[in-house]
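The primary structure of each chain is shown beneath.
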Amino acid sequence: MFLDCEHFFDGYAHDPDYGVQVLETAFAAGAEVGVMCDTNGGMLPMGVGRVVADVRARTSGRLGIHCQDDTGCAVANSLAAVEAGVTHVQGTANGYGERAGNADTFALIGNLVTKMGLPVVPPECLPELQRVSHAIAELANIAPDDHQPFVGASAFAHKAGLHASAIKVSPELYNHLDPAVVGNDMRILVTEMAGRASVELKGRELGVDLDGHPDAISRVVDQVKVLEADGWSFEAADASFELLLRAELPGSPPPLFELESYKTSVEHWGNGVVVSEATVKVHVDGERIICTAEGNGPVNALDNALRQALVERHPQLADVALADYKVRILGWKGGTSATTRVLITTTDGVGEWTTVGVHDNIVEASWHALVDALTYAVLRRPAP
């Protein structure tokens, strides 16, 4: 039996003896653990450590800790409590909870095992942290927090050129532990801060061999700086960056097609009926192809028309579909004039990849991302 002492720390500040008496009474009645709760989340680690150490010295039973995250210190407060003598820690998956949330169970486990040497989970479970965290986020229909410690997609991501240069020598210089220990991966982000080392490491991560191609690396670095200045971002668009990288290497595959023109239209027919249509005119292997298709929006219609034009020569595109579409407005210029960045996530039913496009016109920005998405699909799974 556990006793959760709500508002324990607030009560302790008012009367340091009453809470201890409650705990001792509970232990005498058979309670296995007395849990001290920072119910309003207002404590800081130094205060938690001091109170827990005092209570530990004045009680005979097993103590626990429950922390809310209203000061952003729930995990730190829990670890301070462990150091001061508690042996039972409460948290929630990914920190989900009311107000600012609770102590994040995955950060707690990561710290307790890797930093404090406490085997709170079997060794074979630690590499499952990221997978379980993301599975729970999926069930909760909440996007995983990229910046979540230990398990976030950006937890071991690096983009500064200096960092990448150091990581090339020794990953431990900028990673506090091997990401694989908690089921994560190191990522190199290619941005305007990128240098040669960033591009080399990112190429290695993507499986692109850059050995012996110093000129190609230099050209990619220069391109990225120019493109990023115009609003492009490759941090979340690995597929577009891989295509840019491969285009600078000898033997790079030719474009899937040559564009003659495309046209989109959106018609409102009344009664809530909206129809989008797109027509593309492309040249494939010297043949002029014209295809028209409908969709639930101009981008979906463009996707359908372009895939229809290419699928005979690239049948693997029949399995490809848009999975997500994100738009960000950059450099607002007043009215409706602005630069638009589009990120498209595409799937073939086996995996997903993300591409980027930038233009003043949202449809043209989408077109760039869409062309990269289909080009990468063919690169990813060549036809037999």
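Now for a quick tour of the structure. These numbers come from a predicted model, not from an experiment.

## Digging into the sheet that holds strand β3 (residues 62-67)
Then step 1. Here four strands make up an open sheet; going across it, the order is β1-β2-β3-β4 and the pairing parallel. Of all the strands in the sheet, the pair left with one neighbour each is β1 (2-5) and β4 (88-90). Here the strands of the sheet are splayed against their neighbours by 20 degrees on average, with no regard to which way each runs.

## Overview of the state of the cysteines
Then step 1. Counted according to the given criterion, the structure contains zero disulfides.
Then step 2. In this model Cys37 remains outside any disulfide bridge; the closest cysteine sulfur is found in Cys5, 6.6 Å from its own.
Then step 3. Here Cys67 is not disulfide-linked; the sulfur of Cys37 is the nearest cysteine sulfur, at 8.6 Å.

## Focus: the sheet that holds strand β7 (residues 258-270)
Then step 1. Here three strands make up an open sheet; going across it, the order is β7-β8-β9 and the pairing antiparallel. Here the strands that pair on one side only, and so sit at the sheet edges, are β7 and β9 (287-295). Along the sheet, successive strands turn relative to each other by an average axial angle of 10 degrees, direction set aside.
Then step 2. Pairing of strand β8 (residues 273-284) with β9, which is carried by nine bridges, proceeds in the antiparallel orientation. Bridging across to β9, Ala278 finds its partner in Ala293.
Then step 3. Across the sheet, helix α11 (residues 298-310) touches β7, β8 and β9, and the angle it forms with β9 is around 145 degrees.
Then step 4. Across the sheet, helix α12 (residues 362-380) touches β7 and β8, and the angle it forms with β7 is around 130 degrees.

## Digging into the packing of helix α3 (residues 45-58) against helix α4 (residues 74-84)
Then step 1. Running from N to C, α3 and α4 point in directions that differ by 30 degrees, and their axes come no closer than 8 Å. Classified by the interaxial angle, the pair formed by α3 and α4 is roughly parallel. With respect to the hand of their crossing, α3 and α4 are arranged in right-handed fashion. On the side of α3, the interface is formed by Pro45, Val48, Gly49, Val52, Ala53 and Arg56, while α4 contributes Ala76, Asn77, Ala80, Ala81 and Ala84.
Then step 2. Counted by class, the contact of α3 with α4 contains eight nonpolar, two polar and one charged residues.

## Considering the pattern of salt bridges
Then step 1. Overall, the coordinates contain 13 salt bridges when judged by the stated rule.
Then step 2. Glu242 is paired through a salt bridge with Arg246; the nearest N and O atoms lie 2.9 Å apart. Within this pair, Glu242 and its partner Arg246 are both found in helix α10 (residues 238-247), separated by four residues, close to a single helical turn.
Then step 3. The class for Arg246 is partly exposed, based on a relative accessible area of 24%.
Then step 4. Across the salt bridge formed by Arg307 and Asp303, the nearest N and O atoms sit 3.1 Å from each other. Note that Arg307 and Asp303 are positioned in helix α11 at a spacing of four residues, about one turn of the helix.
Then step 5. Counted as one network, the salt bridges with shared partners bring together Asp17, Asp54 and Arg58.

About the cut-offs
Residues numbered from 1 in each chain as written. Predicted model: local features only at pLDDT ≥ 70, side-chain atom pairs only at ≥ 80, totals over all residues. Heavy atoms only, no water. Pairing = 2+ DSSP bridges. Helix = DSSP H or I, 4+ residues; strand = E, 2+ residues; numbered from the N terminus. Axes fitted to C-alpha atoms, helices over the stretch in contact; angles between N-to-C directions. Disulfide = S-S within 2.5 Å. Contact = heavy atoms within 4.5 Å. Parallel < 35°, antiparallel > 145°, perpendicular 65-115°, else oblique. Left-handed = near helix turned anticlockwise from the far one by under 90°. Nonpolar A, V, L, I, M, F, W, Y, C, P; charged D, E, K, R; others polar. Salt bridge = Lys/Arg side-chain N within 4 Å of Asp/Glu carboxyl O. Buried < 20%, exposed > 50% of the residue type's maximum accessible area, 1.4 Å probe, protein only.

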